[in-house]
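Summary of the model geometry
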Amino acid sequence: MSDGHGPTPETPSGWSAEQPPPYSAPPASPWTAPGAQPQQQVPYGQPYRDAPPQQQPEPLGPQPPYPPHPPHSQHQQQAPHQPPAQGWGPHPAPGYGPHAPALRPGIIPLRPLGLGDILDGTIKLIRSNPKAVLGLSAVAALLAAVPLAIGQVFVLNSMSGILSDPGSVSSAESELTTIYGVAGQYVGSIISYAIQFVVVTLLTGVLTRILGRAVFGGNISAGESWRLVKGRVPALFGVVGLMAVIMLVPLIVFVGLIVALAAGASSSDAGWIALVSILFVIVYLAYYLYFRTRFALASPAVVLEGRGPLDAMRRSWHLVSGDFWRCFGILLLTSLLVGLVASVLTVPFTLAGTMFGMFGAGSATTTVVSAVLITIGATLGSMFTYPFEAGVAGLLYADRRMRSEAFDLVLQTAAVEQQRQGWVHASADELWHPSNSAGS
């Protein structure tokens with residue numbers, strides 16, 4: 001339909017006969033001088049700059065066909081190129097470009113760590129120095145497993161007569177045998193736990209020192225690691241002793257109260273005593289997990305920072321406070337994983353040793369075979385458990401320092417210098433001191 005101004009037949013209705021160039025500036029005014037050719041306004045809904053439908057906009061200004069590589073003088077004469085609007089074209093928005101990968105000279109990338117980084121770094125710690133890590137762990141596990149295996153074999157041998165011919169054993173002999181068996185088992189367990197208290201504490205210190213060097217890609221022998229750690233042994237035992245007191249005192253107090261109540265209670269009171277015991281177990285489990293998480297980083301603080309027992313426990317409390325639930329989840333998942341793997345390694349040997357001890361008629365050969373099988377099972381399980389738990393605790397300690405103290409910047413600077421020199425110097429151990437943290 002014509003608007004009365006006489007457009008040519010080729011021009012669409014409502015459009016001016018002379019169109020402005022694409023994406024040019026709009027006219028100064030929609031009004032025209034008297035006697036001049038009237039200029040039509042753009043109809044509602046039509047793009048103002050007359051861009052073709054569903055096309056990406058071109059840069060402002062004319063676009064003549066420039067040669068592929070014009071001289072420098074022609075670049076200076078051209079109109080400045082206007083970049084496309086944000087979100088158009090193939091260029092990413094500012095700040096969203098690809099990030100350079102983190103520096104990784106050793107077992108972990110030098111940046112805040114995720115769960116996968118911690119588990120992978122622990123496996124790399126074992127693989128990078130298996131002679132020191134697995135060798136020391138095997139010795140520690142063997143020392144702790146032997147008394148426990150002997151106690152279990154003593155129990156099985158004492159029960160062999162009852163199992164082979166129950167009718168030939170009197171009630172008094174059966175009761176005495178049971179007492180001897182239980183005593184042997186408990187004595188073996190107590191000795192095993194005492195040995196674990198010593199060897200696992202020493203092993204944790206040595207493995208933590210190995211880990212501190214492995215972060216930079218360096219290896220350290222077991223002898224050198226022990227030479228660096230032996231001065232921190234009293235502080236390590238102090239941390240473990242304080243932890244034992246914190247964990248055992250509530251348990252001992254409660255057991256004493258239950259025994260006292262049970263001694264003066266009647267048979268009708270057994271129900272509420274059992275209910276109180278169940279409630280205490282639930283509360284104590286939460287208590288144990290809470291303080292275990294709070295003080296999980298104390299041993300790395302003793303070895304790598306040179307702190308005393310109380311100072312190391314305060315340090316661990318401070319580091320965990322910023323991310324308690326994440327630390328709790330990582331430590332709990334680690335315990336479940338190593339427990340599952342240790343069970344897979346331990347159960348077949350323990351089951352075979354138990355079967356030999358129960359049905360071997362108490363012969364000397366059967367006793368030796370049973371003790372050896374149980375010892376092998378316990379050693380294999382602990383040989384995997386000890387270094388994995390120590391490695392996770394050490395890497396979680398490094399992660400918390402990176403997140404709360406920007407310690408990754410210190411590690412990156414030191415790693416770049418060591419790569420420039422081409423080797424990892426022993427002075428890298430001093431970088432773990434808290435005075436070197438960027439946030440201190």
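The model shown is predicted, which means the values in this text are computed figures rather than measured ones. (Residues numbered from 1 in each chain as written. Predicted model: local features only at pLDDT ≥ 70, side-chain atom pairs only at ≥ 80, totals over all residues. Heavy atoms only, no water.)

**Regarding the overall build of the chain**
Stated precisely, the cut-off is as follows: A run of H or I in DSSP counts as a helix once it spans at least four residues, and a run of E counts as a strand once it spans at least two, with each numbered from the N terminus. For the exposure calls, accessible area comes from a 1.4 Å probe over protein chains only, and a residue counts as buried if that area is under 20% of its type's maximum, exposed if over 50%, partly exposed in between. Pairs of residues are marked as contacts when any of their non-hydrogen atoms sit within 4.5 Å. For the area figures, the Shrake-Rupley method with a 1.4 Å probe applies, and any residue is considered shielded solely by the protein chains shown.
When you go through the chain residue by residue, the secondary structure sums to 13 helices and zero strands. Order of helices (α) and strands (β) in the chain, N terminus to C terminus: α-α-α-α-α-α-α-α-α-α-α-α-α. Among the 440 residues that make up the chain, the fraction classed as buried is 33%. Look at the contacts in the chain between residues 6 or more apart in sequence, and 76% of them connect residues 24 or more apart. When the accessible surface of the chain is split by element, carbon and sulfur atoms take 67% of a total near 25600 Å².

**Side note on the confidence of the model for the chain**
Detailed conclusions should not be drawn from predicted coordinates in areas where pLDDT is low. Test applied: The predictor's confidence in any single residue is recorded as pLDDT, a number from 0 to 100.
For the chain, the average pLDDT comes to 75, and 66% of its residues sit at 70 or higher. Across the chain, element-level confidence peaks in helix α10 (residues 309-321) with a mean pLDDT of 95 and bottoms out in helix α1 (residues 72-77) with 43. pLDDT under 50 marks residues 1-8. Its contacts with residues more than four places away, or in other chains, come to five contacts. A low-confidence stretch, residues 64-92 (pLDDT under 50), is modelled with nine contacts involving residues beyond four sequence positions or located in other chains.

**A closer look at the packing of aromatic side chains**
What counts, and what does not: Each Phe, Tyr or Trp ring (for Trp, its six-membered ring) is paired with any other whose centre lies within 6.5 Å, and the angle between the two planes then decides the class: stacked below 30 degrees, edge-to-face above 60, tilted in between. We count a charge as sitting over a ring when the NZ of a lysine or the CZ of an arginine lies within 6 Å of the ring centre and within 35 degrees of the ring normal.
This model, assessed by the stated rule, comprises 18 aromatic pairs. Centroid distance F197 to F237: 5.8 Å. Interplanar angle 40°. Geometry classified as tilted. With a gap of 40 residues between them, F197 in helix α5 (residues 171-214) and F237 in helix α7 (residues 233-264) connect regions that are remote in the sequence. The structure contains a cluster of three or more aromatic residues connected by ring pairs, namely F254, F280, Y284, Y287, Y290, F291, F295, W317, F324, W325 and F328. Its guanidinium or amino end placed over the ring of F407, R401 lies 4.0 Å from that ring's centre, counting from NZ or CZ.

**Regarding helix α13 (residues 407-421)**
We apply this condition: In this scheme, a helix's expected span is set at 1.5 Å multiplied by one less than its residue total. The directions considered for the arc are those from the helix axis to the C-beta atoms.
Under the 1.5 Å per step criterion, the end-to-end length of α13 is 22 Å for 15 residues, consistent within 8% with the ideal 21 Å. Within α13 the residues assigned to the buried category are F407, D408, V410, L411, A414, A415 and Q418. Within α13, the buried residues cover an arc of 150° as seen down the axis, which keeps them to one side. Structural note: α13 exposes T413 and R420 on the side pointing more than 90 degrees away from its buried face.

**Some thoughts on the environment of W226**
Mapped onto the elements, W226 comes out in helix α6 (residues 222-229). Taking relative accessible area as the criterion, W226 reaches 38% and is therefore assigned partly exposed. Residue contacts for W226: discarding those within four places in its chain leaves L202, V206 and V233.

**Overview of the nonpolar core**
We apply this condition: Remark: nonpolar core denotes a set of buried residues (Ala, Val, Leu, Ile, Met, Phe, Trp, Tyr, Cys) joined through side-chain atoms within 4.5 Å.
Membership of the largest hydrophobic core comes to 70 residues, with the highest contact counts inside it found for I210 and W432. Take this core: its biggest share by element is nine residues, from helix α12 (residues 364-405).

**Quick notes on the packing of helix α9 (residues 298-305) against α10**
Formally: Note on method: axes are straight lines fitted to C-alpha atoms, helices fitted across the in-contact stretch only, with angles between N-to-C directions ranging 0 to 180 degrees. When an angle is under 35 degrees it counts as roughly parallel; over 145 it counts as roughly antiparallel; between 65 and 115 it counts as roughly perpendicular; any other value is oblique. Should the near helix be turned counterclockwise from the far one by less than a right angle, the crossing is left-handed, whereas a clockwise turn marks it as right-handed. Three classes are used: nonpolar for Ala, Val, Leu, Ile, Met, Phe, Trp, Tyr, Cys and Pro, charged for Asp, Glu, Lys and Arg, and polar for all others, with Gly counted as polar.
In the contact formed by α9 and α10, the axes pass within 8 Å of each other and the chain directions differ by 120°. The orientation of α9 relative to α10 falls into the category oblique. Between α9 and α10 the crossing geometry is right-handed. For the pair formed by α9 and α10, the contact residues are A298, A301, V302 and E305 on the first element and A312, M313, R315 and S316 on the second. Classifying every residue of the contact of α9 with α10 gives five nonpolar, one polar and two charged.

**Observations concerning the packing of α7 against α9**
It is at 10 Å that the axes of α7 and α9 come closest, and there the two elements cross at 165°. Classed by the angle they form, the pair α7 and α9 counts as roughly antiparallel. In terms of crossing hand, the pair formed by α7 and α9 is right-handed. Taking contact as the criterion, the partners of A235, L236 and V239 in α7 are, on α9, A298, S299, V302 and V303.

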